[in-house]
Amino acid sequence: MKKPQNAEILSVGTELLLGDVVNTDAAMVAQELARIGINLLYAGTVGDNPQRLEESLRQALERSDLVVTTGGLGPTKDDLTKETIAKVLGLPLVEHAESRRRLEEYFTASRKECSANQYKQTLLPEGCHVLPNDHGTAPGCVCIADSGKMVAMLPGPPSELAPMLKKYLVPFLQGEDTTVIYSRNIRVFGKGEGVVAEAIAPFLEGENPTAATYAAEGEMYVRVTAKAPSKEEARRLCAPVVDEICRIVGDAVYGIDVDSLEQVVVEQLLRQEKTLATAESCTGGLIAKRITDIAGSSAVFEMGAVTYSNRIKHERIQVPQELLEKYGAVSEPVARAMAEGVRRAAGSSLGIGVTGIAGPGGGSKEKPVGLVYLALSDGQQTWVTKMPGGGRIGSRTYYRNRAASTALDMVRRYLEGKLEQMKE
């Protein structure tokens, strides 16, 4: 079997169209297809309507080698994906004995009654390649049309789809293809996708390896991908491109093949045997939350204080009352005092202080919504940076997330000896 070159995803379910359920299935399928070198041309969503599903499927088969459907394989009357695909491909549905055995075994083990409609799931298009469901009742399958084009059917629940996709569908699609696809992800904070794309433009036109930019929540990343007969050869092809992109982008690169800023910060604190404490106002504990999401953070994170009111800033972390009265809570002197005060209170190596106006109200001409002061203290010196606010009108969530990421990036830069290079 020849590995398909181009693919399309059809997500089936009215609940997806209504927004009641977030479509994480499509993202998982897209990532796995990219990993094995299959180009995703389109991704669409269709409700539980056989006519519209048939129309979408026929259109997808005209333009793609592989169509992957998610959802609509269950026992109820509106689960019509399999029936519609069988009709389009001209294949009868026949009972698959092994799937029936597994279904009955599943209900026996769970001590639940197997109602008659459950057996609908064991009827599969004749001649299909069956994809066992190790975590549910509905098997998946792959049908190959006379034209050589394929339709792969996966269940909707992510807990069932993910293992079936990785364990059964991906190996089937790869077949005899021994080509290795290898990628490196260069994570960037502090420079936008457009600026980075312009700076590394020649690499974005490469063929092997390829490079592409992607926007993420408050940051961006560059993915460098190579194809080769072996992982080592693909890695060798990627290496000089990754090195040069990192050189061009500079200290805004916070890691390669890492998950997040907080992961990098926790790992660096562990390596350097340093500890951290945070005093947060407008971010409401978000920095502490992100740090403690990382396994092992208990060894480096001493405390997180949400010092929202002026009284608590003064009483709990000793921000001088005269600073609050003279400059206001949202000011450089107060941010500085918060970082220094929480570091002393916790006895930690480093302290972070964040104070600002997340909006949507509370801003003024002098202190607009989005204005945030962030400070980091190591007991010897305190650094302060400012997010000016105004300009772009972002949501409260946007400003809080941006401030939390900026604070984490300050810690990262300090630990790398690059904090002096940080610009407002």
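Summarised in this report is the structure supplied together with it.

Reading the values: rules and limits
- Sequence positions are assigned chain by chain, starting from 1 and proceeding in written order.
- The model is predicted, so local features are restricted to residues of pLDDT at least 70 and side-chain atom pairs to those at 80 or more, both for listing and for counting; the totals for chains, interfaces and linings are taken over all residues.
- In computing side-chain properties, one takes all heavy atoms of the structure into account and sets aside hydrogens as well as water.
- Ring pairs shown here join Phe, Tyr and Trp side chains whose ring centres sit within 6.5 Å, with only the six-membered ring taken for Trp; geometry is labelled stacked below 30 degrees between planes, edge-to-face above 60, and tilted in between.
- Between buried and exposed lies partly exposed: a residue is buried under 20% and exposed over 50% of the maximum accessible area for its type, with that area taken using a 1.4 Å probe on protein chains only.
- In our convention, an over-ring charge means Lys NZ or Arg CZ found within 6 Å of a ring centre and within 35 degrees of that ring's normal.
- Strands were regarded as paired on the criterion that DSSP finds at least two bridges between them.
- A run of H or I in DSSP counts as a helix once it spans at least four residues, and a run of E counts as a strand once it spans at least two, with each numbered from the N terminus.
- Between N-to-C directions, angles cover 0 to 180 degrees, with each direction set by a line fitted to C-alpha atoms, over the stretch in contact for helices.
- Contact definition: two residues touch when any of their heavy atoms are within 4.5 Å.
- Only buried residues count toward a nonpolar core, which is a set of Ala, Val, Leu, Ile, Met, Phe, Trp, Tyr and Cys residues joined through side-chain atoms within 4.5 Å.
- Contacts described as polar in this section are N or O atom pairs within 3.5 Å, which, within protein, must combine one atom able to donate a hydrogen with one able to accept it, while residues neighboring in sequence count only if both atoms come from side chains.

### Considerations on the packing of aromatic side chains
- Under the defined criterion, the tally for this structure stands at four aromatic pairs.
- Between Tyr106 and Phe107 the ring centres are 5.5 Å apart and the planes differ by 80°, which places this aromatic pair in the edge-to-face class.
- Taking the relative accessible area as the measure of exposure, Phe107 reaches 9% and is therefore buried.
- Between Tyr398 and Tyr399 the ring centres are 5.3 Å apart and the planes differ by 65°, which places this aromatic pair in the edge-to-face class.
- For the cation-ring pair, Arg63 lies above Tyr42, with the distance from its terminal atom to the ring centre recorded as 3.8 Å.
- Here the basic side chain of Arg223 rests over the ring of Tyr214, its NZ or CZ set 5.4 Å away from the ring centre.

### Focus: the sheet that holds strand S6 (residues 129–131)
- Taken in spatial order, the six strands of this open sheet run S2-S1-S3-S8-S7-S6, and their pairing is mixed. At either margin of the open sheet sits one strand with a lone partner, and together these are strand S2 (39–46) and S6. Put simply, the sheet's adjacent strands are angled 15° from each other on average, direction ignored.
- Relative to strand S3 (residues 66–70), strand S1 (residues 6–12) is paired through five bridges, and the arrangement is parallel. Directly across from Ser11, in S3, lies its bridge partner Thr70.
- Each of S3, S6, strand S7 (140–144) and strand S8 (150–154) is contacted by helix H6 (residues 158–174), which is oriented at about 160° to S8, the strand it contacts most.

### Considering the sheet that holds strand S15 (residues 350–356)
- Pairing within the open sheet is mixed, and its five strands lie in the order S14-S13-S15-S16-S17. Edge positions in the open sheet fall to strand S14 (301–306) and strand S17 (382–387), since each of these has one partner strand only. Across this sheet, the average inter-strand angle for adjacent strands is 10°, counted without regard to direction.
- Relative to S14, strand S13 (residues 276–280) runs parallel, the two sharing five bridges. By the bridge assignment, Leu276 is partnered in S14 with Phe301.

### Let's talk about the pairing of S17
- Of the pairings in the sheet, the one linking strand S16 (residues 372–377) to S17 comprises six bridges and is antiparallel in character. Its bridge partner being in S17, Ser377 is matched across the sheet by Thr382.
- Connecting S16 to the antiparallel partner S17 that follows it, the hairpin turn spans four residues, and Gly379 within it adopts a positive phi of roughly 90°.

### Looking at the nonpolar core
- The biggest cluster of nonpolar side chains holds 34 residues, and the ones touching the most others in it are Val354 and Leu376.
- Listed by contribution, the elements that provide at least two residues to this core are helix H10 (261–272), helix H11 (286–292), S15, S16, S17 and helix H15 (396–415).
- Among the elements that line this core, the one with the most residues is H15, at eight residues.
- Those residues within four positions of Val354 in sequence are excluded, and the remaining contacts are Ala279, Glu280, Ser281, Cys282, Thr283, Ile287, Met338, Val372, Tyr373, Leu374, Ala403 and Ala407.
- Counting 23 residues, the second largest nonpolar core, distinct from the first, contains Ala7, Ala26, Val142 and Leu161.

### Re the pairing of S15
- With seven of seven residues buried, S15 is to be regarded as a mostly interior element.
- On S15, burial covers both faces: Leu350, Ile352, Val354 and Gly356 on one face and Gly351, Gly353 and Thr355 on the other are all buried.
- Bridge count for S15 against S16 is six bridges, and the pairing is antiparallel. Each bridged residue has a counterpart across the sheet, and for Thr355 the counterpart in S16 is Tyr373.

### So, the side chain of Ser297
- You can see Ser297 is positioned in the loop between H11 and S14.
- Reaching out from Ser297, the side chain makes a polar contact with the backbone oxygen of Ile294 at a distance of 2.9 Å.
- With sequence-adjacent residues up to four places away left out, Ser297 is seen in contact with Val266, Ile291 and Thr292.

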